[in-house]
Amino acid sequence: VSRVIPVDTFDLVLFGATGDLARRKILPSLFHRYKIGQFDKTCRVIGASRSVLTQDGFRDLVTEALQTYGHPDDTNSTDIAAFVSLLDYVAIDAKGDDGWTDLAEHLRPDVVQAFYLSVAPSLFADIAGRLKSKKIATADSRIVVEKPFGHDLASAKALNAALGAHFEEHQIYRIDHYLGKETVQNLMALRFANSLFEPLWNSSQIDHVQITVAESIGVEGRGEYYDRSGAMRDMVQNHLMQLLCLTAMEPPARFTPNAVRNEKLKVIEALEPVAQDEIARGQYRASAEGGDGYLDHAGDPNSKTESFIAMKVKVANWRWNGTPFYLRTGKCLRARESEIAVFFRAPPHNIFDAGKPVAGNVLVIRLQPDEGITLHTTIKDPGPGGMRLTTAKLDMTFADSLPEAGRPQDAYERLIMDVIRGNQTLFMRGDEVEAAWNWADPLIKGWNDAGTAPQSYDQGSSGPEDSLLLMHRDNRRWREIS
Ligand code: BG6
């Protein structure tokens, strides 16, 4: 029985169609969903960008992208040929008049219409404005924008205003691809479709939460963009913030876009300002084996931009007062590993060995790799030696538990199909993004004003010393990145 629910016929216009993200993620995701039958030959994907390309030239470019970046199962050339026959191309000048009439002629009035802006945010206003002034977009069209959504609160407000001048909020899809990840949605299923966890999901039972998004790659190739952002803007303000929100939010009454987003917004608004001494920033150095350091790619040999950040975040509300959330993310760390680890409080009393502490349970929600959930439990050591306690894992890897479900879907696949379905649940609302910047801006200003440089750390490590100290001070430890 197919699990695929077909979507309505659509025209998807992909601005920035020859760019990196389009070739690596967006087009391979679309192809996969075509291949599994979620949409058919009646749909059109219209590439748009500045490059002068013929329709065939674009199809060739996409064929190559699919062969290079597609999933290893998605290499059948007949399938690829069928998919690229849905593609069209329009050369367009985002800041001028060229190409817009051509684009209008490609669009059909009676199908779902989505405009995906996989371009620099500086072009959002130009494109949104022309889609409207040239009467291409309708009141039902959807507009999709990629991150970064702003550089600070002021620029995020300006982007919201620019989009809002031409589109209603219910038409605007702000992508945070972390929301499309399988485990992130499973976090909501875990919390709100089981009665086991939610009664314990508060500061009386939970000691602290650790959210880690560790990456093993560096900033090669995108050093210039990255140097203007740093880990705080690139990862924390958006991806880690979303993970924090979904972990900390109150149960929405329904799984509907605004019910979910209202609850997330409340979490962001409850965040306390983070003091500078509760933030650890790092920058990876060149390795002894000759691996480039951060500064080799930053474009500024004196850059003080962080490639790692850890911090202690407090959600000041009834549920969470007294339970800190520790966040950390960085490049060139020991492994690519992302998880949310919920540390439950230790049992109040040890009946087996009075006075000796018993470890608290830890619930680990793994985003990548090996999406799954692990509960660390205390059991009796099965060996001889009496009533000795040890820790064992109740382990569930989604892929092993439900092999018939197939491989986990790429975040972009799900998100693009949600755009076509008109479901905004997994997209950020304008006020959410602004609230996140409102929280992030003073932190960034704090270290910029103080002129503090990030502490350097070894590639392949788990970050700078200060990050460990941040935990030691509270008598806690980070989980190993392994
Ligand atoms: C992007 C960041 O949004 O997310 C990158 O700009 C980062 O710096 C990437 O590498 C991580 O995404 P994923 O899905 O590989 O965890």
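Just so it is clear, the model here is predicted, and its values are computed rather than measured. (Residues numbered from 1 in each chain as written. Predicted model: local features only at pLDDT ≥ 70, side-chain atom pairs only at ≥ 80, totals over all residues. Heavy atoms only, no water.)

(A) Structural detail: the overall build of the protein. A tally of helices and strands in the protein yields 13 helices and 15 strands. Over its C-alpha trace the protein gives a radius of gyration of 24 Å, about what one expects of a compact globule, namely 23 Å for 482 residues. Dimensions of the protein, computed from C-alpha atoms along their principal axes, come out at roughly 80 × 60 × 45 Å. Residues counted as buried form 52% of the 482 residues belonging to the protein. Sequence-distant contacts, at least 24 apart, represent 76% of the contacts inside the protein between residues at least 6 apart. Carbon and sulfur atoms make up 51% of the accessible area of the protein, which totals about 21,500 Å². (Helix = DSSP H or I, 4+ residues; strand = E, 2+ residues; numbered from the N terminus. Rg over C-alpha atoms; globule rule 2.2 N^0.38 Å. Buried < 20%, exposed > 50% of the residue type's maximum accessible area, 1.4 Å probe, protein only. Contact = heavy atoms within 4.5 Å. Areas by Shrake-Rupley, 256 points an atom, 1.4 Å probe, with all protein chains shown as cover.)

(B) Local environment of the packing of helix H6 (residues 153–164) against helix H12 (residues 430–450). For the pair H6 and H12, interaxial distance at closest approach is 8 Å and the crossing angle is 165°. Here H12 runs roughly antiparallel to H6, going by the angle between their axes. Crossing angle aside, the handedness with which H6 passes H12 is left-handed. Contacts between H6 and H12 involve Leu153, Ala156, Lys157 and Asn160 on the former and, on the latter, Gly430, Glu434, Trp437, Asn438 and Asp441. Across the contact of H6 with H12, the residue classes break down as 3 nonpolar, 3 polar and 3 charged. (Axes fitted to C-alpha atoms, helices over the stretch in contact; angles between N-to-C directions. Parallel < 35°, antiparallel > 145°, perpendicular 65-115°, else oblique. Left-handed = near helix turned anticlockwise from the far one by under 90°. Nonpolar A, V, L, I, M, F, W, Y, C, P; charged D, E, K, R; others polar.)

(C) Molecular detail of the sheet that holds strand S13 (residues 372–380). The mixed open sheet is built from 9 strands, whose spatial order is S14-S13-S12-S11-S7-S10-S9-S8-S15. The sheet is open, and its two borders are formed by strand S14 (389–397) and strand S15 (455–457), each paired with just one other strand. Each strand axis lies, on average, 20° off the axis of its neighbour in the sheet, ignoring direction. Here strand S8 (residues 279–284) pairs with S15 via 3 bridges, running parallel. (Pairing = 2+ DSSP bridges.)

(D) Representation of the UniProt feature "binding site: substrate" (unreviewed entry) in the protein within the structure. In this structure's numbering, the residues bearing the UniProt feature "binding site: substrate" (unreviewed entry) are His177, Lys181, Glu215, Asp234 and Lys331. Structurally, glutamate 215 can be placed in the loop between strand S7 (206–214) and helix H8 (223–248). Not counting chain neighbours up to four residues away, the residues in contact with glutamate 215 comprise Met235, Gly330, Lys331, Cys332, Leu333, Ala335 and Arg336. Here the side chain of glutamate 215 touches lysine 331 through a polar contact of 2.7 Å, side chain to side chain. Relative to the helices and strands, aspartate 234 resides in helix H8. Classification of aspartate 234 by relative accessible area gives buried; the value is 2%. (UniProt positions renumbered as here; feature names shortened; annotations may be inferred. Polar contact = N/O pair within 3.5 Å; in protein donor to acceptor, adjacent residues only side chain to side chain.)

(E) Representation of the site of the ligand in the model. In the vicinity of the ligand, the residues found are Lys147, His177, Tyr178, Lys181, Glu215, Arg222, Asp234, Met235, His239, Lys331, Arg336 and Gln368. Interatomic distance of 2.8 Å between a side-chain N/O atom of histidine 177 and an oxygen atom of the ligand. Within the side chain of tyrosine 178, a nitrogen or oxygen atom sits 2.4 Å from an oxygen atom of the ligand. No other element matches the 3 residues that H8 contributes to the shell around the ligand. Tallied by class, the residues present in the shell around the ligand amount to 2 nonpolar, 3 polar and 7 charged. (Near = heavy atom within 4 Å.)

(F) Quick peek at the nonpolar core. Judged by nonpolar contacts, the single largest core of 140 residues is most densely connected at Phe15, Phe83, Leu103, Leu131, Met311 and Trp439. When residues in this core are grouped by element, the largest group, 12 residues, is from H8. Dropping the residues within four chain positions of it, leucine 131 is found in contact with Phe15, Trp100, Leu103, Phe115, Ile136, Ala137, Ile143 and Phe167. (Core = buried A, V, L, I, M, F, W, Y, C linked by side-chain atoms within 4.5 Å.)

(G) How the structure looks around the pairing of strand S12 (residues 362–368). Of all the 7 residues making up S12, 7 are buried; the element is thus mostly covered by neighbouring parts of the structure. By the bridge criterion, 6 bridges tie strand S11 (residues 337–344) to S12 in an arrangement that is antiparallel. Within S12, the residue paired with valine 342 across the bridge is leucine 363. In the sheet, S12 pairs with S13 via 5 bridges, with the strands oriented antiparallel. Across the sheet, valine 362 pairs through a bridge with histidine 376, a residue of S13. Counting the residues between successive antiparallel strands, the hairpin from S12 to S13 contains 3 residues, one of them, aspartate 370, with a positive phi of roughly 50°.

(H) Inspection of the environment of valine 313 at higher detail. Tracing the chain through its elements places valine 313 in strand S9 (residues 308–313). By relative accessible area, valine 313 is classed as buried at 0%. Between the C-alpha atom of valine 313 and that of phenylalanine 124, which follows or precedes it by 189 residues, the distance is 32 Å. Contacts of valine 313, omitting those with residues within four sequence positions, involve Leu244, Leu271, Val274, Pro324, Phe325, Leu327 and Trp439.

(I) Layout of helix H1 (residues 20–35). The end-to-end C-alpha distance of H1, which contains 16 residues, comes to 22 Å, matching closely the 22 Å that a straight helix rising 1.5 Å per residue would cover. Roughly 30° is the biggest bend found in H1, and it falls at isoleucine 26, with proline proline 28 one to four residues downstream. Looking at H1, one finds that the buried residues are Ala22, Ile26, Leu27, Pro28, Ser29, Leu30, Phe31, His32, Arg33 and Tyr34. For H1, the secondary structure elements touched by its buried residues are strand S1 (10–15), strand S2 (44–49), helix H2 (55–69), helix H3 (77–84), strand S4 (112–117) and helix H11 (411–421). Looking one or two residues beyond H1, the residue adopting positive phi is glycine 37, at roughly 90°. (Expected span 1.5 Å × (residues − 1). Bend = angle between axes of the 7 residues up to and from the residue.)

(J) The packing of aromatic side chains, seen in detail. Under the definition given, this model contains 13 aromatic pairs. Measuring from centroid to centroid gives 5.5 Å for phenylalanine 31 and phenylalanine 83, while their planes differ by 50°, and the two rings are tilted. On the criterion of sequence distance, the pair formed by phenylalanine 31 in helix H1 and phenylalanine 83 in helix H3 is long-range, its members being 52 residues apart. When the centroid spacing of 5.9 Å and the interplanar angle of 85° are considered together, the rings of tyrosine 284 and tyrosine 294 count as edge-to-face. With tyrosine 284 in strand S8 and tyrosine 294 in the loop between S8 and S9, this pair connects stretches of sequence that are 10 residues apart. Above the ring of phenylalanine 149, the side-chain terminus of arginine 174 is found at 5.2 Å from the ring centroid. Taking NZ or CZ as reference, lysine 181 lies 4.6 Å from the ring centre of tyrosine 178, over its face. (Phe/Tyr/Trp six-rings, centres within 6.5 Å; stacked < 30°, edge-to-face > 60°. Lys NZ or Arg CZ within 6 Å of the ring centre and 35° of its normal.)

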